[in-house]
Amino acid sequence: MKILVAVKRVADPNVKVRLRADGSGLDLAAVKMTMNPFDEIAVEEAVRLKEAGIASEVVVVSVGPDKATETLRTALAMGADRGLLVRTEATTEPLAVAKVLSAVAGEEQPALILLGKQAIDDDCNQTGQMLAAKLGWPQATFASQLAVDGDRVTVIREVDGGSQTIALTLPAIVTADLRLNEPRYASLPNIMKAKKKPLEERQASDYGLVIEERLEVVRLEEPPTRAAGIKVKSVAELVERLKTEAGVLA
Amino acid sequence: MIHADDGSLSQEQRLMRDSCRAFVDDAVTPFIRSNWQREWDMSPGERLPRSILEGAETIGVRTLGVPEAYGGVDLERETEVRTFALISEEIARGDSGLADKLVQNWKVSILLREFAPKHLQDKWFPRLLADPQFLLAHCLTEPRGASDRWLPYNVPEAAMHTKAVLKDGHWVINGRKQFISNGFDASLYVVYANTDSSVGMLQGTSSFLVPRDTPGLTVTKCNETMGCRFMNNGELVFEDCRVPADHLLVQNTALGSAGQYFRAGKIIQAAKNLGVGVACFERTADYVQNYVQGGRILIKHQAVALRLADMATRIEAVRALIERASRAVDEGHPDMDVLCNMAKVYASEEIMKVATHALELHGGNGAMLEFGIEKLFRDAAIFLHMDATVDVSRMKIIKTMFPATAGKYAGPEN
Ligand SMILES: Cc1cc2nc3c(=O)[nH]c(=O)nc-3n(C[C@H](O)[C@H](O)[C@H](O)COP(=O)(O)OP(=O)(O)OC[C@H]3O[C@@H](n4cnc5c(N)ncnc54)[C@H](O)[C@@H]3O)c2cc1C
Ligand SMILES: Cc1cc2nc3c(=O)[nH]c(=O)nc-3n(C[C@H](O)[C@H](O)[C@H](O)COP(=O)(O)OP(=O)(O)OC[C@H]3O[C@@H](n4cnc5c(N)ncnc54)[C@H](O)[C@@H]3O)c2cc1C
């Protein structure tokens, strides 16, 4: 069974990002970038399936800039077998990525495609779903547990207020939620070994596609800064303010 | 916070640094933060808990320097020392003592891969790989002083007191070693001893491989140190300690041959102290942007801002010199010895100043165990004397630059 995993290069969630002075976007020039954390979970799951003898090959694919090869190398160091970069300098919107991934899936013929449930930069939460629609495959989003048995995959999904168990027939699409697993570190020996693994670079045009930016960002704003706290003189005043200002007491 | 990414690092180097950073943030820093106060109460066995070394194992950071054939990390040799420096800095940013524990393994592994006979590499490297608690140590220093090892007075008077004699197919070692990093809990030691008392130490010192369980080797104590307390520094006594003849690594010229160890070692150690400086800066930058005095956060007081700028500048200057020195070692540049000693001495004194600023900017909190700033200060302070004192390092620089004048030994004390 071949597994395809999609990974995106995003700003490290541990760093504070700033807006460009003109508000047109984020200033990422000096920001540390990393693999989207939900994609790390997807890669980990694929590698575990391979280690368990269920998957035969794990292919990682990224649609993004040259530097996304680094993200792919990380996935290779975690245990994926080979990488594919579909290079673009454009902002990667979910629909464009879904189109590329569906073309890649056409060539690679994976039994299972794993993605993160969303990318932590644009928080779209759409790529997996759009890809399922384009391919006409069954999908399970927000997976917190996954078991493959023959041509069936059983997934426990995180849904509002609980969990839902569904069974899909392969080929299928699963998007990873936080609790699916705890991804491993790319270890130093494996980073060196990953260097020797194949990593192919393509253009969208190789698949007869054009990566379009269909959304226009009108403006970005920092969240409002929190107003300073105040000191109250008495418990009575505290209760009063919690009622009238904070609205947390009736 | 300060992240050198000038494009000179390879992709692999950046990924390695990121893995180390993630491990430190996830596992090391939380442990250190919840144990500031306990550092002084823990027994050597608790320093550090097994889980931290096992965690270090998951990123494969304990066995750098071990050849790939034995399952070690196959670093690019052309940039190996630079890579060591990067990783050492990242680990020490979490804890300088942990870095010391680990880097000692890298340094000694380099010696083993260069000088140990193949059958002994076949024996020991797999054991090192198999056990996350397996540590290595390098034993030069003796009660009668270590500066002579760094600045060798090539006269019989300066020779090592520890002696080894070949008898019936075994080397018999007698003497003491002190201040040895990992000395208390290492499984395998490289030991230097005098093997020819008729010549100077450069011609008469040999090195040996001594397994911990060799009869005649006693680990006599764990030193309680001012800093790097999570590395167990120890003292050893050798009493008719017999190792097979093939455990000789380098005969008579061991100190010269150890250049492999010393050069990489100085860079690794300097980078370790840089990591302490980065931790000082990150903690302080955070503190002064949150703590209020005089009605505003500290960083808005210009005197505070100026100190913070000074910290950042010194850190970057140390980093630049370490980069230059490590490149020199990787390239085998003729100035590499001078640069290594410069990097070591500069990293020790500049980071001490950085730590002093951190202490100052934390006010009274800086002096309290529960804030962990005094720990960074102690970790920086102990480094002044590791791998040669400040003054001896400086003399070494000048002796190497001017061998015909400064390098000439004036003669023994009468
Ligand atoms: C935490 C720690 C870890 C260590 N780990 C190891 C280890 O793993 N293995 C190991 O072998 N050793 C180790 N050492 C020992 C270390 O290398 C020595 O402590 C260091 O080189 C200084 O030597 P010393 O203590 O004998 O001081 P001394 O040589 O006695 O120095 C005392 C003073 O005299 C000065 N001095 C000495 N000689 C001269 C001279 N010729 N000219 C001018 N000034 C001079 C020195 O600069 C210093 O100010 C460690 C030490 C520490 C503190
Ligand atoms: C061992 C010890 C014993 C002590 N004993 C006593 C005691 O018996 N009684 C007692 O009352 N107190 C005591 N103290 C408290 C001591 O007086 C204060 O810690 C000290 O004055 C520093 O104040 P702070 O800790 O609030 O630091 P801060 O005032 O918060 O200082 C933090 C940093 O900000 C800088 N800074 C602050 N304000 C400004 C400004 N306006 N402009 C520029 N820079 C500024 C400081 O120079 C410092 O670098 C003790 C402290 C210690 C460590």
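The model shown is predicted, which means the values in this text are computed figures rather than measured ones.

Colleague: Please explain the overall build of chain B as it appears in this structure.
Modeller: In terms of regular secondary structure, chain B is built from 14 helices and 10 strands. In summary, chain B has a C-alpha radius of gyration of 21 Å against a globular reference of 22 Å for 414 residues, a match within 12%. Projecting the C-alpha coordinates of chain B onto the three principal axes gives extents of approximately 80 × 50 × 40 Å. Residue burial in chain B is summarised as follows: out of 414 residues, 57% are buried. For chain B, long-range pairs separated by at least 24 residues make up 76% of all intrachain contacts whose partners lie at least 6 apart in sequence. Just so you have it, chain B exposes about 16200 Å², and 54% of that area is on carbon and sulfur atoms.

Colleague: Would you mind showing me how to read the site of ligand 2 here?
Modeller: Residue and element names in this part refer to chain B. All residues adjacent to ligand 2 are Y291, Q293, L298, H301, A303, V304, E360, L361, G363, G364, A367 and M368. Within the side chain of E360, a nitrogen or oxygen atom sits 2.9 Å from an oxygen atom of ligand 2. Within the contact set of ligand 2, an oxygen atom lies 2.7 Å away from a backbone nitrogen or oxygen of G364. Protein burial of ligand 2: of its 980 Å² of free accessible surface, 39% is covered by the chains. Class assignment for the residues of the shell around ligand 2 results in seven nonpolar, four polar and one charged.

Colleague: Just checking my understanding: could you explain the domain arrangement of chain B for this structure?
Modeller: Accessible area lost on assembly of the parts is the figure often given for the size of an interface. Residue and element names in this part refer to chain B. When the domains of chain B are assigned, the result is domain 1 (6–130), domain 2 (136–256) and domain 3 (258–401). Taken together, the contact between domain 1 and domain 3 spans 33 residues of the former and 33 residues of the latter. Summed over both sides, the interface between domain 1 and domain 3 buries roughly 2800 Å², with carbon and sulfur atoms accounting for 58% of that surface. For the interface between domain 1 and domain 3, the tally reads eight salt bridges. Where domain 1 packs against domain 3, one counts 12 residue pairs in polar contact (both at pLDDT 80 or more). At the level of secondary structure, the elements contributing two or more residues to the side of domain 1 that touches domain 3 comprise α1 (11–33), α3 (80–94) and α4 (96–115). The element best represented in the side of domain 1 that touches domain 3 is α4, accounting for 12 residues. Residues that form the side of domain 1 that touches domain 3 fall into these classes: 14 nonpolar, five polar and 14 charged.

Colleague: Just checking my understanding: could you explain helix α3 (residues 94–108) of chain A for this structure?
Modeller: All names here are of chain A. For α3, spanning 15 residues, the distance from its first C-alpha to its last is 20 Å, which sits close to the expected 21 Å at 1.5 Å a residue. For α3, the elements touching its buried residues are β1 (2–6), β6 (57–64), β7 (82–87), β8 (112–116) and α4 (127–135). The positive-phi residue at the C-terminal boundary of α3 is Q109, with phi of around 55°.

Colleague: Can you help me understand the side chain of B:R378 in this one?
Modeller: All names here are of chain B. Summarising the element assignment, R378 is placed in helix α13 (residues 373–383). Look at R378 and you get buried, because its relative accessible area is 9%. A distance of 2.8 Å separates polar atoms of two side chains, one belonging to R378 and the other to E374. With sequence-adjacent residues up to four places away left out, R378 is seen in contact with E39, W40, M226, G227 and R229.

Colleague: Would you explain the sheet that holds strand β12 (residues 172–176) of chain A in this entry?
Modeller: Two orientations exist for strands paired in a sheet by backbone hydrogen bonds: parallel and antiparallel. All names here are of chain A. The strand order across the open sheet built from nine strands is β11-β10-β9-β12-β8-β1-β6-β7-β13, with neighbouring strands paired in mixed fashion. With one partner strand each, in any of the chains shown, β11 (162–169) and β13 (199–203) form the two edges of the open sheet. When the angles between neighbouring strand axes are averaged without regard to direction, this sheet yields 30°. Bridge count for strand β9 (residues 139–149) against strand β10 (residues 152–159) is six bridges, and the pairing is antiparallel. If you follow A143 over to β10, its bridge partner there is R157. On the sheet, helix α1 (residues 37–51) packs against β1, β6, β8, β9 and β12 and is oriented at approximately 150° with respect to β8.

Colleague: Explain the pairing of strand β7 (residues 234–244) of chain B to me, please; I cannot follow it from the model alone.
Modeller: Walk down a regular strand and you will see the side chains alternate between the two sheet faces. All names here are of chain B. Bridge analysis of strand β3 (residues 170–180) against β7 gives eight bridges, and the strand direction is antiparallel. Paired with I180 across the two strands is G234, which belongs to β7. In this sheet, β7 lies alongside strand β6 (residues 217–222) in antiparallel orientation, the contact comprising five bridges. Residue L217 lies in a different strand from β7, and its bridge partner there is F238.

Parameters and conventions
- Numbering of residues begins from 1 in every chain and follows the order in which that chain's sequence is written.
- As a convention, the first chain written is A and the first ligand written is 1, with the rest following in written order.
- Per-residue local features are limited, in this predicted model, to residues with pLDDT of at least 70; the limit for side-chain atom pairs, both in listing and counting, is 80 or more; totals at the level of whole chains, interfaces and linings are taken over all residues.
- No hydrogens and no water enter the side-chain calculation; it runs on all heavy atoms of the structure.
- A run of DSSP states H or I qualifies as a helix once it reaches four residues; a run of E qualifies as a strand once it reaches two. Both are numbered from the N-terminal end.
- Within these notes, the globule rule equals 2.2 Å times the number of residues to the 0.38 power, and the radius of gyration is based on C-alpha atoms.
- Partly exposed residues are those whose accessible area sits between 20% and 50% of the maximum for their type, while under 20% is buried and over 50% is exposed, using a 1.4 Å probe and protein chains only.
- Here a residue-residue contact requires only that any non-hydrogen atoms of the pair lie within 4.5 Å.
- Working definition of accessibility: Shrake-Rupley area with a 1.4 Å probe, residue cover restricted to the visible protein chains.
- Residues are counted as near a molecule or strand when any one of their heavy atoms sits within 4 Å of it.
- Here a polar contact is recorded for every N or O atom pair within 3.5 Å, except that within protein the pair must consist of a potential hydrogen donor and a potential acceptor, and residues adjacent in sequence are included only if both atoms are side-chain atoms.
- Just so you know the grouping, Ala, Val, Leu, Ile, Met, Phe, Trp, Tyr, Cys and Pro go in nonpolar, Asp, Glu, Lys and Arg go in charged, and all remaining residues, Gly too, go in polar.
- Note that domain bounds follow an automatic or database assignment of domains.
- A 1.4 Å probe defines the accessible area here, and the buried area is the portion of it lost by two parts on being joined, summed over both.
- A pairing counts as a salt bridge when a side-chain nitrogen of Lys or Arg comes within 4 Å of a carboxyl oxygen of Asp or Glu.
- Here a helix's expected span is defined as the number of its residues, less one, multiplied by 1.5 Å.
- Two strands make a pair as long as DSSP finds a minimum of two bridges between them.
- To obtain an axis, a line is fitted to C-alpha atoms, over the contacting stretch when the element is a helix, and the angle between two such axes runs from 0 to 180 degrees between their N-to-C directions.

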